[in-house]
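Chain and residue survey
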Amino acid sequence: MIVRPRKEDHLVIGKYTGKVIIGVGLLMLIPLATSIGFAEWDTAIDFIVAIMACFIFGYGLQVVCRTAKDLSWSHGLVVASGSWFFATALGALPHFLSGHAGSYLDTLFDVMSGYTTTGLYLLQDLDHVSMGLNMWRHLLTYAGGQGIVVIALTFLFKGTAGAYKVYVGEGKDERLLPNVIHTARAIWLVSLTWLGIGTLFLGVRGMMLGQGPVRAFFHGLWVFMGAWSTGGFAPQSYNTFWFHDIGYEVICIVIMIAGSFNFALHWAMWTGNRKEIRKNVETISFFVTLSIVTMVTTFFLAKANVYPDAMSLFRKVFYQLASGHTTTGFSTIYARSFVTQWGPVGLILTTVAMAIGASACSTGGGIKGIRMGVISKALLQDIRRMISPESAVIMEKYHHIRDTWLDDGLVRGAMTVTIAYLTLYAVGTIIGTLYGYPLEQAAFEMVSAASNTGLSCGVTSPFMPAVMKVTFILGMWLGRLEFMSVFALIGYGYAVVRGK
Amino acid sequence: MRIRTLLMVLVAAVFFVAASVSVALAQVAFPPNNPSSTELVNRMNVPGDITKGLFWNGKTVTFHGEAIGEVMIRGDYAWVHLNDDAYMEKNVEEGAKLAGYNSGMAVWVPAALTKTVDTYGDYKHEGSIVEITGTFNAACKEHGGDMDIHATSLKVLRVGHVVDDPVPAWKAALAAGLMLLAGGLYWLERRTRNRINPHRGV
């Protein structure tokens, strides 16, 4: 029997959703200050409107939803997915008011893409967008990478057992420290340290490349945000192709690979456990799969004679594939070059890299390295069982912060989520092909959206059918929250209507 | 006295001619590039066969577009990015209709030639429209496989200008109204917090 949620359930969900949305409003103070700093008055007003809308929604819920009840698991999941939904709807206001979006659906697409660190966008005339709006685009993706719930946990929640349940609902389950709020702050400590160092490196490099100090700083900051969060937004429509520099690309690669690593791995390194990076199943899985796709793609493009020399070939292939595998979405080739220069084989191999994706509990998306590691180990275990005597007990373990023995429950969990991702990729691809896009291009784009990567081969555009836009939005949302929270929200809605 | 009057008339005439030329130049509609940046990226020698390369690779092209962002000088040469999209002559802030993404081409040009380009497009500026002639490289050997044009000549077709983006009155009024409402709700929340919820600060 499905139990209809009681008034208290609605109140507790409303209360915590309101807190997260107030957090989103406070976050908009940064682009507001940027707009004021650059005397972009129209943009500044756009942000005031959006901030006030967030406050009205958030404080309105605080006034209406008064309760002392703490969160349960299902509440946590609903708050996480519900917060993302409302944060998207309200976070889209500055995009919409800027006049650069074709419709509100397009702005929802862009903001969901930002929060989920995807990086696809439908904003038009990006090269004439204000500094304030550019700050918001990149801040969205930086905040989304850490998790907007993590932000709220850090600043707005004051010690509640239920906080962990919202944290998990956002697709993160690592507890770096015993207290979840301390964990959220530890995530921020790591991220902000990287922000300072990464922006400095990119900014200085930008000045060496001929950028003025102000542009070099802001481009450095935004490119860092795009790389670390594995978001892939950049301030110019040319993306990181803008810089034409191998040094800038190397810095980007280091940041995006670091951003794609599990926060638990970062924390282990931070606290002195340096060996972890060599032993961790996710880093091993990442380097193995990245090496394989890079070698195969290089081989095919070398055969096709697309690039003039080995260095250019490796530089282009490794950058796009590292970007795809970390689910960042930066590129140094034109979107259509995937079709006209890389061809179907290049498209398919990049799709594979994106589909596997980054590490769990990182800023990245995709099936995740840990699941690939667990499934590979399980396969290995089965093969060993087959070739061993019947009486032999074959055990397999993997290392992620500590050694864990494989059991059926663990493998089933990894397989379930993997199958869910593959189904999502397949459904979106079918929808794309029904609209007439070639199979490999439809698959490339849907996998890019649902793995939160953001590379495009030209399918995504402001003129693509609305159904595909909605499909991609749902793909980004489901992919980022790893299904369970969104299913919990749907279940909650169903229980409200049909429960007894 | 007569000479002074004559001089004044002369100055006025010069101003009039200059203003007329500026207005005329500002209204010039530029024909689409042939080839456009989209064509440069998309047109293959044999559709579907990447081994045969791109059609325009290695050919000399003449290309015009809005100088966007900034010039990045690298020694004797510089990178300039030219957008030949729907916003080349008028951007969204100036009221251009939305017509899709930006598109353009990266141009490698002698740095000395870029001195004539005084405005680069961004939120507050519509960049100068520049015409270049040079060789198109689908994957440039000199620049790590980048797609670019190595230009040998550069000409400014239209000087760029500052763009205004005034605040509409309705937007300012909306912001003021929402501020009042948000302030009221914040006050109400603070006032009623302790009365209803004994677990303050949760």
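Residues numbered from 1 in each chain as written. Chains lettered and ligands numbered in written order. Predicted model: local features only at pLDDT ≥ 70, side-chain atom pairs only at ≥ 80, totals over all residues.

Concerning the overall build of chain B
For clarity, the threshold we go by: Labels follow the DSSP assignment, with helices taken as runs of H or I lasting at least four residues and strands as runs of E lasting at least two, numbered in each case from the N terminus. Once C-beta atoms are placed from the backbone, each residue is buried if 20 or more other C-beta atoms lie within 10 Å of its own, exposed if 12 or fewer, and partly exposed for counts between those two. Any pair of residues counts as being in contact when their C-beta atoms, constructed from backbone geometry, are within 7 Å of one another.
On a plain count of helices and strands, chain B comes out with three helices and seven strands. When the helices and strands of chain B are listed from N to C terminus, the series reads α-α-β-β-β-β-β-β-β-α. Taking all 202 residues of chain B together, 35% fall into the buried category. Sequence-distant contacts, at least 24 apart, represent 63% of the contacts inside chain B between residues at least 6 apart.

Description of the overall build of chain A
If you tally the helices and strands in chain A, you get 22 helices and two strands. Seen through its principal axes, chain A has C-alpha atoms that stretch 65 × 65 × 50 Å. For chain A, buried positions account for 60% of its 500 residues. Within chain A, counting contacts between residues at least 6 apart in sequence, those at least 24 apart form 74% of the total.

A word on the environment of Lys377 of chain A
Mapping Lys377 of chain A onto the fold places it in helix H18 (residues 369-387). When residues no more than four places from it in sequence are discounted, the contact partners of Lys377 of chain A are Glu396, Tyr398 and Leu406 of chain A.

Points about the sheet that holds strand E6 (residues 148-158) of chain B
Residue and element names in this part refer to chain B. Going by this rule: Pairing between strands is defined by DSSP: at least two bridges between them are needed. Between N-to-C directions, angles span 0 to 180 degrees; the directions come from axes that are lines fitted to C-alpha atoms, helices contributing only their stretch in contact.
An order of E1-E2-E3-E6-E5 is seen for the five strands of this closed barrel, with the pairing classed as mixed. The sheet shows a mean angle of 55° between the axes of neighbouring strands, direction not considered. Where strand E5 (residues 129-137) lies against E6, nine bridges are found, and the strand directions are antiparallel. Bridging from a neighbouring strand, Val130 pairs with Val156 of E6.

Digging into the interface of chain A and chain B
Which entries qualify depends on this criterion: Side-chain classes are defined by residue name, with Ala, Val, Leu, Ile, Met, Phe, Trp, Tyr, Cys and Pro counting as nonpolar, Asp, Glu, Lys and Arg as charged, and the others, Gly among them, as polar.
Facing 60 residues of chain A, the contacting portion of chain B comprises 57 residues. Those elements that place two or more of their residues in the side of chain A that touches chain B are helix H3 (41-64), helix H16 (310-325) and helix H17 (337-356) of chain A. By residue number, the principal contributor to the side of chain A that touches chain B is H3 of chain A, which donates 13 residues. Residues that form the side of chain A that touches chain B fall into these classes: 27 nonpolar, 22 polar and eleven charged.

Digging into H18 of chain A
All names here are of chain A. The criterion, for reference: To estimate the expected span of a helix, count its residues, drop one, and scale the result by 1.5 Å.
Here H18 contains 19 residues, and its C-alpha end-to-end distance of 27 Å stays within 8% of the 27 Å for a straight helix at 1.5 Å per residue. All of the buried residues in H18 are Gly369, Arg371, Met372, Gly373, Val374 and Ala378. Where H18 is buried, its residues contact helix H15 (281-304), H17, strand E1 (397-400) and helix H19 (408-434).

Here's the deal with the pairing of strand E2 (residues 402-405) of chain A
Residues and elements named next belong to chain A. As defined by bridge partners, E1 adjoins E2 across four bridges and the pair is classed as antiparallel. Along E2, the bridge assignment pairs His400 with Arg402. In this antiparallel pair of consecutive strands, E1 and E2, the connection spans one residue, and Ile401 shows a positive phi of 70°.

Some points on the nonpolar core
Selection criterion: Residues of type Ala, Val, Leu, Ile, Met, Phe, Trp, Tyr and Cys that are buried and joined through C-beta atoms within 7 Å form what is called a nonpolar core.
Counting residues in each nonpolar core, the largest one holds 178 residues, and the members touching the most others are Cys54 of chain A together with Val107 of chain B. Looking at this core, the element that brings in the most residues is H3 of chain A, giving 15 residues. In this view, Val107 of chain B contacts Val80, Leu82, Ile132, Asp148, Ile149 and Ala151 of chain B; residues no more than four positions away in its chain are not counted. Residues Val374, Ala378, Tyr398 and Ala414 of chain A belong to the second largest nonpolar core, which totals five residues.

A few points about the confidence of the model for chain B
Residue and element names in this part refer to chain B. What counts is decided by this rule: The quantity called pLDDT is the predictor's confidence in a given residue, expressed from 0 to 100.
On average, residues of chain B score 89 in pLDDT, and 88% of them reach the 70 mark or higher. A low-confidence stretch, residues 198-202 stays under pLDDT 50, and its non-local contacts, those more than four residues away or across chains, total eight contacts. For this predicted complex, the interface score ipTM comes out at 0.89, while the overall pTM is 0.89.

With respect to H3 of chain A
With 24 residues, H3 of chain A extends 34 Å from end C-alpha to end C-alpha; this agrees with the ideal 34 Å at 1.5 Å per step. Burial analysis of H3 of chain A places 20 of its 24 residues in the buried class, the great majority of the element.

What about the environment of Met208 of chain A?
If you trace the backbone, Met208 of chain A turns up in helix H10 (residues 180-208). Met208 of chain A sits 42 residues away from Val250 of chain A along the chain, and the two C-alpha atoms are 15 Å apart.

Describing unusual backbone geometry
Geometrically, the link from Asn34 of chain B to Pro35 of chain B is a cis peptide bond, its omega value of 10° lying close to zero. By secondary structure assignment, the location of Pro35 of chain B is in the loop between helix H1 (2-26) and helix H2 (37-42). Its identity is not glycine, yet Asp125 of chain A carries a phi of approximately 55°, on the positive side. With respect to the helices and strands, the residue Asp125 of chain A is situated in the loop between helix H6 (104-115) and helix H7 (131-146). Notably, Thr230 of chain A is not glycine yet its phi reads approximately 50°, a positive angle. Among the secondary structure elements, Thr230 of chain A is positioned in the loop between helix H11 (213-228) and helix H12 (246-259).

What about the packing of H6 of chain A against helix H21 (residues 466-481) of chain A?
A pair of packed helices is characterised by two quantities: the angle between their axes and the separation of those axes. Residue and element names in this part refer to chain A. For the record, the criterion: Should an angle lie under 35 degrees it is considered roughly parallel, over 145 roughly antiparallel, and from 65 to 115 roughly perpendicular; all remaining angles are considered oblique. Note on convention: near helix rotated counterclockwise from far helix by under a right angle means a left-handed crossing. Clockwise means right-handed.
Their axes nearest at 10 Å, the elements H6 and H21 cross at an angle of 25°. Put simply, H6 runs roughly parallel to H21. Here the hand of the crossing between H6 and H21 comes out left-handed. Where H6 approaches H21, its residues Leu105, Leu108, Phe109, Met112 and Ser113 are matched on the opposing element by Ala466, Lys469, Phe472, Ile473, Met476 and Trp477. In the contact of H6 with H21, the residues fall into nine nonpolar, one polar and one charged.

Points about the environment of His399 of chain A
All names here are of chain A. Tracing the backbone shows His399 in strand E1. According to the C-beta neighbour criterion, His399 is partly exposed, with 15 such atoms within 10 Å. Between the C-alpha atoms of His399 and Glu276, which are 123 residues apart in sequence, the distance is 8.8 Å. If we skip the residues at most four places from it in the chain, His399 touches Lys279, Asn280 and Val281.

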